[in-house]
Amino acid sequence: MRKIAVLYSGSSHHHRTYKTSEFAQYIHTRIPARQFATTDLSEFDVLLIPSQSHTGILSQNIEKIYDFANSGKIVVTFGPPHTEWLPEHNWEFRPTNFWWWLEPGADSGLRLPGADHDLFTNYLTLDDATWHQHGVFWPSEGCETLVSTEDGGAVLYIDRVNTGGIWVNTTLDPDYHYGSYFMPATERFLRGFLPWLQRGVI
Amino acid sequence: MKDYIVIHPQNVFSPESIAPQFDCIDQYDLANTDLTLYKCMIVLGFVDQDFLLEEKAMIDSFLEEGKIVCFFGNLVTPWLQGQAMFQPKEIRWHGDYNVQIASDHFLFDGVLEDDMTTNKGVKGFFARGHHEAPANAEVLLTLPGGETITYIDRESTNGTIFMHAGSCFFQLGLGMQLEQNKTTDVIPQRMLQWVDEEWARLQGGANNA
């Protein structure tokens, strides 16, 4: 089982998602954001960067996070990113349509090119990853897009090519919504995604 | 004396450019900030509540000096004197999110309960739980079970605590388009007026322990 560390911001949202809910069991260590710069990450297999993290602390520690990845480890980022700091990701901001599901015959616009990936054969369905997005990535060649928009923008993808490790990046923000007691799909997403992160095929 | 100090969590969803009438600090600079300059502290919902608990003495002192703290969010650590932890609402149907005006107060004079409850016909944005108000608090808004989502506490400290279990009532951001052509549009301006009036009341020394 992989040891998962999370950059922990102490907000009510992170408190619920990563500390007091059923999902805390998947987190080996919560690293207080203020102590992140001085924390030794070498014992961890996965570093999870939550949505709504402190942007200044993130910016000051980009090199540290890349060093972690380049030691052959896994970095996971939830969206939306605060700046263009992910490897070769080509972020495209798109205005969020919070209301798509109110329209008759609504289509979320999401597609599942990664239907055969372990994450979606054993842990999640596309419905579990469907609420809204804040933009898309256009990752470089060689990255594996698991969830996309209908025009091919990446909503969740795996990057094994741009650093010495693996990045799992998504524009989705399940931890924020679950921590806000909002959007039932985000609970289902975390119920599949975190066990996969701990023991699935990445 | 300035009016406002905003304790900012520096996350993506909190306003980036703050209007000049509000002084704004990164939450982690709190210990290095001279709070004697300010009347009212605005604490935003994404703040690091473990950190604020470590700095509780500063916030206690601020209130002890007869000042105002406004918190908008879900309290999960006991950094704010006398306040109960957030309790999520158990939702059985969407009507459980209906916001109700509990007492006459100019903040919500003419504001329709339905305008607070719904956004584009969807409920649940305003508050998804509550903090149990201390005894003798002035309760402003509740959920249908009487859960106190918005209240003013003048008794737990020597100052005044304004609690709302939801988004910020002040319009902090430059260029933010909060107006929705709803009756709720008046709330940000009235919050400024309320702080002025509350400050005058506190300076008068009335009603406080």
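Scroll up a little and you will see the structure.
The present account deals with the structure reproduced in this document. Sequence order sets the numbering: in each chain, residues are counted from 1 along the sequence as written. The lettering of chains begins at A and the numbering of ligands begins at 1, in the order of writing. This being a predicted model, a pLDDT of at least 70 is required before a residue's local features are given, and a value of 80 or more before pairs of side-chain atoms are given or counted; all residues contribute to the totals for chains, interfaces and linings. Water and hydrogen atoms were dropped before computing side-chain values, which therefore reflect all heavy atoms in the structure.

### A word on the pattern of salt bridges
Here, a salt bridge means any Lys or Arg side-chain nitrogen found within 4 Å of an Asp or Glu carboxyl oxygen. Applying the stated criterion across every chain, the model contains 18 salt bridges over all chains. With a closest N to O distance of 3.9 Å, Asp-48 of chain B and Arg-34 of chain A form a salt bridge. Taken as a pair, Asp-48 of chain B in the loop between β3 (38-43) and α1 (49-54) and Arg-34 of chain A in the loop between β2 (29-32) and β3 (46-49) lie in two separate chains rather than in one. Owing to a relative accessible area of 28%, Arg-34 of chain A belongs among the partly exposed residues under this scheme. Segments assigned H or I by DSSP are reported as helices when at least four residues long, segments assigned E as strands when at least two residues long, and all are numbered from the N terminus. Accessibility here uses a 1.4 Å probe with only protein chains present; expressed as a share of the type maximum, an area under 20% marks a residue as buried, one over 50% as exposed, and anything in between as partly exposed.

### A closer look at the environment of Asp-40 of chain A
Take Asp-40 of chain A: it is sitting in the loop between β2 and β3. A polar contact of 2.9 Å, which involves the side chain of Asp-40 of chain A, links it to the side chain of Ser-42 of chain A. The term polar contact refers here to a pair of N or O atoms within 3.5 Å; inside protein, the definition further demands a hydrogen-donor-capable atom paired with an acceptor-capable atom, and it admits residues adjacent in sequence only when both atoms are side-chain atoms.

### Topic: the sheet that holds strand β6 (residues 100-101) of chain B
Residue and element names in this part refer to chain B. Strands were regarded as paired on the criterion that DSSP finds at least two bridges between them. The strand order across the open sheet formed by eight strands is β2-β1-β3-β4-β12-β11-β10-β6, and the pairing between neighbours is mixed. The strands lining the two open edges of the sheet, one partner per strand, are β2 (22-26) and β6. Residues count as neighbours in contact if any of their non-hydrogen atoms are within 4.5 Å of one another. Axis lines are fitted through C-alpha atoms, for helices just across the contact stretch, and the angle between N-to-C directions can take any value from 0 to 180 degrees. In the packing of helix α2 (residues 56-64) onto the sheet, the strands contacted are β3, β4 (68-72) and β12 (160-164), and the crossing angle to β3 comes to about 135°.

### Regarding the environment of Met-183 of chain A
Residues and elements named next belong to chain A. Among the structural elements, Met-183 can be located in the loop between α5 (174-179) and α6 (184-199). Overall, the relative accessible area of 22% leaves Met-183 in the partly exposed class. Residues Met-183 and Thr-55, 128 residues apart in the sequence, show an inter-C-alpha distance of 24 Å. Here Met-183 is in contact with Trp-131, His-132 and His-177, once residues within four sequence places are set aside.

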